[in-house]
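Structural overview for review
Listed below are the residues making up each chain.
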Amino acid sequence: MTTRTVHGACPHDCPDTCALQVTVENERVIKVQGRAEHPNTHGALCTKVSRYPERTYHAERLLHPLKRISKKTEAPQFVQVSWAEAIADIAARLKAIADPQCIQPYSYAGTMGLIQGEAMAGRLWNALGAARLDRTICASAGGAGLAATYGHKLGMHTRHFAGAKLIIIWGSNSITSNLHFWTYANQAKREGAKLICIDPRKTETADKCHQHIAVLPGTDGALALGLMHELIQNGWLNQDYIANYVDGWDELRAKALAWPPERVAEVCGITADEVRGLARDYGDRDVMEAPAAIRLNYGMQRVRGGGNAVRLIALLPCLTGAWRHESGGMLLSASGWNAPYKNPNLERPDLLAGRTPRMVNMSTIGDALLQADPPIQALVVYNSNPVAVAPESPKVVAGFQREDLFTVVLEHFMTDTADLADYVLPATTQLEHLDVHTSYGHTDVLMNQPAVAPLGEAKTNTQIFRELAAAMGLIDPCFSDSDDDLAAQAFTSNIDMALLREQGWQPLPIAEAPFAEGGFRTPNGRAQAAGADYVPNYESALTTPELATRYPLAMISPPARNFLNSSFVNVKSLRDIESEPIIEMHADDAAARQLADGARVAAFNDRGRYVATLRVSKRARPGVVNGLGVWWRKLGLDGTNVNEVTHQHLTDLGNAPAFYDCLVEVEAA
Ligand SMILES: Nc1nc2c(c(=O)[nH]1)N[C@H]1C(S)=C(S)[C@@H](COP(=O)(O)OP(=O)(O)OC[C@H]3O[C@@H](n4cnc5c(=O)[nH]c(N)nc54)[C@H](O)[C@@H]3O)O[C@H]1N2
Ligand SMILES: Nc1nc2c(c(=O)[nH]1)N[C@H]1C(S)=C(S)[C@@H](COP(=O)(O)OP(=O)(O)OC[C@H]3O[C@@H](n4cnc5c(=O)[nH]c(N)nc54)[C@H](O)[C@@H]3O)O[C@H]1N2
Ligand code: SF4
Ligand SMILES: [Mo]
């Protein structure tokens with residue numbers, strides 16, 4: 001028996017980007033663990049990735065190329081074909097499209113790896129002049145909010161939350177989706193820090209905080225202005241920090257003064273005392289001794305006003321000067337720190353040769369497939385499951401069902417999206433390929449070594465795009481680069497590749513308190529407060545009263561703990577923990593509808609109808625229902641998931657989807 005261990009990196013779309021230790025016995029992975037030596041991972045993984053061998057060796061892993069033989073509107077039927085046949089036919093179909101802008105790539109963060117992500121794919125699309133994709137589905141509202149305020153997606157070191165004396169966990173269910181941050185928050189708690197959770201849902205994280213403030217979805221910007229109101233009224237401001245490092249304070253100050261606690265309370269669905277108490281906790285502290293830190297996550301920016309809400313919350317540490325301490329400030333994303341270390345030419349934008357192909361927003365793929373002019377003729381999907389995860393799925397499904405659309409899906413499994421493909425190509429998993437990673441939660445770069453050979457006939461994304469490029473007659477030498485070559489090109493020379501290979505990770509040199517003396521990444525180095533505002537524009541009684549009479553419940557659809565977006569839904573041991581698609585509802589709302597716990601219900605609106613099991617639960621506040629997780633439609637009830645009812649309206653900044661700004665009614669199904 002031969003046993004060895006291999007160093008890896010978790011590829012999933014999660015801020016933690018854990019360092020993996022993979023144990024291989026007789027050329028089969030038997031264990032995936034967190035590396036004890038990697039500071040942020042500290043030897044622990046989430047339940048999902050601890051079960052990685054189950055996902056990798058799943059009986060339903062795609063192992064051969066498949067070609068569709070049924071109509072798009074019929075039950076999917078495929079036949080196995082050879083790679084040679086699949087590549088030749090796909091290349092011919094793509095080459096036959098006269099206007100390359102009618103070829104649409106669609107990809108996101110199924111893997112966050114720089115190599116199996118866009119490195120080779122981007123080269124192919126650039127060389128062809130294919131349509132570009134605006135990758136907005138997750139983080140672009142908050143990203144644009146941070147960029148407008150601080151110049152980039154930057155924040156505190158996650159590990160320094162351990163030294164904070166107040167932690168506000170704002171729109172983040174950290175125990176579910178940012179477990180290794182929670183370790184630091186818990187450490188702070190043991191050392192006497194106060195933890196406050198701001199979330200419409202009483203999450204498992206809220207359970208473990210000292211206080212939970214259950215705001216209505218989409219109202220965080222009003223709460224931030226209300227906090228500023230109290231900071232101003234009580235003189236809890238650091239005038240030096242504001243004067244030296246903030247532009248636009250007078251304008252912001254005037255806006256904040258229009259938001260006394262009573263007005264905030266009414267909009268946010270909380271009490272004025274909750275607003276005052278939160279402001280006192282945040283502002284009335286000797287900040288030299290007691291740094292306050294805010295952990296935002298992307299949950300709170302999935303509403304139409306999400307970009308501005310991030311701007312307003314992100315500015316709070318400027319008002320108190322919390323940035324002066326390594327354990328003060330805020331963190332939404334740390335991804336901007338690694339931007340200077342990434343090679344901007346990895347995807348070879350020069351191959352566009354001056355062309356600017358049309359850009360399609362991935363968040364409105366439903367409308368784009370049905371309405372784009374000229375029409376999308378071919379769609380190549382990799383690292384994403386849009387039929388499950390994109391908003392307003394009735395339109396997404398109708399788009400994918402177009403018989404005149406040629407769809408290729410690179411996948412591990414027969415997802416809802418793969419079901420609607422013309423060709424399904426089997427891709428390798430992280431245990432079978434090389435990759436390099438940056439993180440959006442911490443600031444290390446990591447390398448993932450392949451642990452075992454590709455299963456079946458699976459190929460790496462890079463190899464599939466190399467072969468397609470060759471079959472389409474593209475001869476630029478960049479299409480011959482191996483994955484090792486791509487890894488060597490991924491970073492600027494400031495990354496020590498030898499160390500990265502040897503150790504598996506490398507920290508980036510970033511100051512402990514990076515904004516102690518301003519130094520934001522805006523053109524003049526100052527934080528930008530002008531223009532940030534709260535505008536109620538989300539589906540609600542306040543702004544869409546007619547809609548709210550028909551659909552009186554706000555529905556949010558945050559992650560389920562044992563899934564990662566739609567990944568892992570097909571892993572039985574994890575699905576068993578989640579049991580079935582759930583809608584959580586407060587007892588008062590259930591009683592008003594004569595609905596009992598355990599009933600089969602439908603959440604519906606003008607867009608669609610989502611069938612789930614009702615859980616009457618204290619986790620739901622009155623007026624808000626929680627439709628957890630992104631189930632695969634075909635593994636859900638009646639072939640539906642929560643995106644049946646979400647909409648394609650975009651956020652104020654960043655053109656992102658507003659998944660959590662969604663009115664529904666719920667009835668027995
Ligand atoms: N287990 C698991 N981990 C994950 C994911 C997953 O699906 N499962 N998803 C990954 C991805 S893709 C991302 S982007 C990250 C971050 O993903 P996020 O979506 O930020 O994940 P959470 O922190 O779990 O959820 C956000 C929290 O915001 C709350 N929320 C919803 N609307 C509002 C609002 O209007 N205001 C406020 N204050 N709160 C609101 C929700 O109730 C939820 O508790 O997590 C990653 N990690
Ligand atoms: N209602 C609602 N909808 C949501 C959300 C929500 O909170 N509520 N969350 C949104 C968010 S934050 C995000 S980020 C998006 C995420 O949406 P997606 O990026 O589509 O993420 P996943 O659902 O995890 O699907 C990723 C797919 O990529 C595949 N994959 C993984 N690695 C590889 C690889 O190496 N090669 C190939 N070819 N395939 C691979 C996986 O098998 C999986 O099927 O969903 C969004 N949708
Ligand atoms: S999903 Fe997140 S917590 Fe789980 S192993 Fe990957 S990076 Fe770590
Ligand atoms: Mo995401």
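Coordinates for the structure precede this section.
Residues numbered from 1 in each chain as written. Chains lettered and ligands numbered in written order. Predicted model: local features only at pLDDT ≥ 70, side-chain atom pairs only at ≥ 80, totals over all residues. Heavy atoms only, no water.

Each helix and strand counted, the protein chain has 23 helices and 27 strands in total. For the protein chain, the C-alpha radius of gyration of 25 Å lies close to 26 Å, the compact-globule estimate for 669 residues. Dimensions of the protein chain, computed from C-alpha atoms along their principal axes, come out at roughly 70 × 60 × 55 Å. Counted over contacts in the protein chain with a minimum sequence separation of 6, partners at least 24 positions apart contribute 77%. For the protein chain, the accessible surface area stands at approximately 23100 Å², while carbon and sulfur atoms represent 51% of it. Between the centroid of the 62 positive side chains of the protein chain and the centroid of its 74 negative side chains there is a distance of 1 Å. (Helix = DSSP H or I, 4+ residues; strand = E, 2+ residues; numbered from the N terminus. Rg over C-alpha atoms; globule rule 2.2 N^0.38 Å. Contact = heavy atoms within 4.5 Å. Areas by Shrake-Rupley, 256 points an atom, 1.4 Å probe, with all protein chains shown as cover. Lys, Arg positive; Asp, Glu negative; His and termini not counted. Charge placed at Lys NZ, Arg CZ, Asp CG, Glu CD.)

Another aspect to go through is the packing of aromatic side chains. Following the criterion strictly, the structure yields 18 aromatic pairs and no others. With centroids separated by 4.9 Å and ring planes inclined at 90°, the aromatic side chains of Phe161 and Phe181 adopt a geometry described as edge-to-face. Of this pair, Phe161 sits in the loop between helix 5 (140-150) and strand 8 (166-170) while Phe181 sits in helix 7 (residues 179-190); the two residues are 20 residues apart in sequence, bridging distant segments of the chain. The pair formed by Phe161 and Phe181 is uniform in burial state, with each residue classed as buried. When the centroid spacing of 4.6 Å and the interplanar angle of 35° are considered together, the rings of Phe515 and Phe520 count as tilted. (Phe/Tyr/Trp six-rings, centres within 6.5 Å; stacked < 30°, edge-to-face > 60°. Buried < 20%, exposed > 50% of the residue type's maximum accessible area, 1.4 Å probe, protein only.)

Its boundaries defined by the atoms lining it, the largest pocket holds a volume of some 1500 Å³. A per-element tally of the lining of the largest pocket places helix 4 (residues 115-128) first, with 6 residues. Residues of the lining of the largest pocket, tallied by class, amount to 21 nonpolar, 15 polar and 8 charged. Taken domain by domain, the lining of the largest pocket gets at least three of its residues from each of domain 1 (66-73 + 92-138 + 339-507) and domain 2 (141-332). Of the pockets and cavities examined, the second largest pocket occupies roughly 340 Å³. Taken together, 22 residues form the lining of the second largest pocket, with Leu216, Tyr538, Ser540, Ala541 and Leu542 sitting closest to its centre. For the lining of the second largest pocket, the elements supplying multiple residues, two or more each, are helix 12 (261-268) and strand 22 (553-556). Partitioning the lining of the second largest pocket into residue classes produces 14 nonpolar, 3 polar and 5 charged. Looking at which domains feed residues into the lining of the second largest pocket, each of domain 2 (141-332) and domain 3 (545-668) gives three or more. (1 Å grid on protein atoms, 1.4 Å probe; cavity = no way out; pocket = protein on both sides within 12 Å on 5 of 7 lines; lining within 4 Å. Points joined across faces, edges and corners; volume = space filled by probe spheres on them. Nonpolar A, V, L, I, M, F, W, Y, C, P; charged D, E, K, R; others polar. Domains from an automatic or database assignment.)

Now for the site of ligand 1. The environment of ligand 1 is formed by 33 residues, the closest being Asn173, Asp199, Asp220, Arg302 and Phe563. In this structure, an oxygen atom belonging to ligand 1 sits 3.1 Å away from a main-chain N or O atom of Tyr298. Out of a free accessible area of 900 Å², ligand 1 has 99% covered by protein chains. Here the residues of the shell around ligand 1 sort into 16 nonpolar, 10 polar and 7 charged. Two domains each provide a minimum of three residues to the shell around ligand 1, namely domain 2 (141-332) and domain 3 (545-668). (Near = heavy atom within 4 Å. Polar contact = N/O pair within 3.5 Å; in protein donor to acceptor, adjacent residues only side chain to side chain.)

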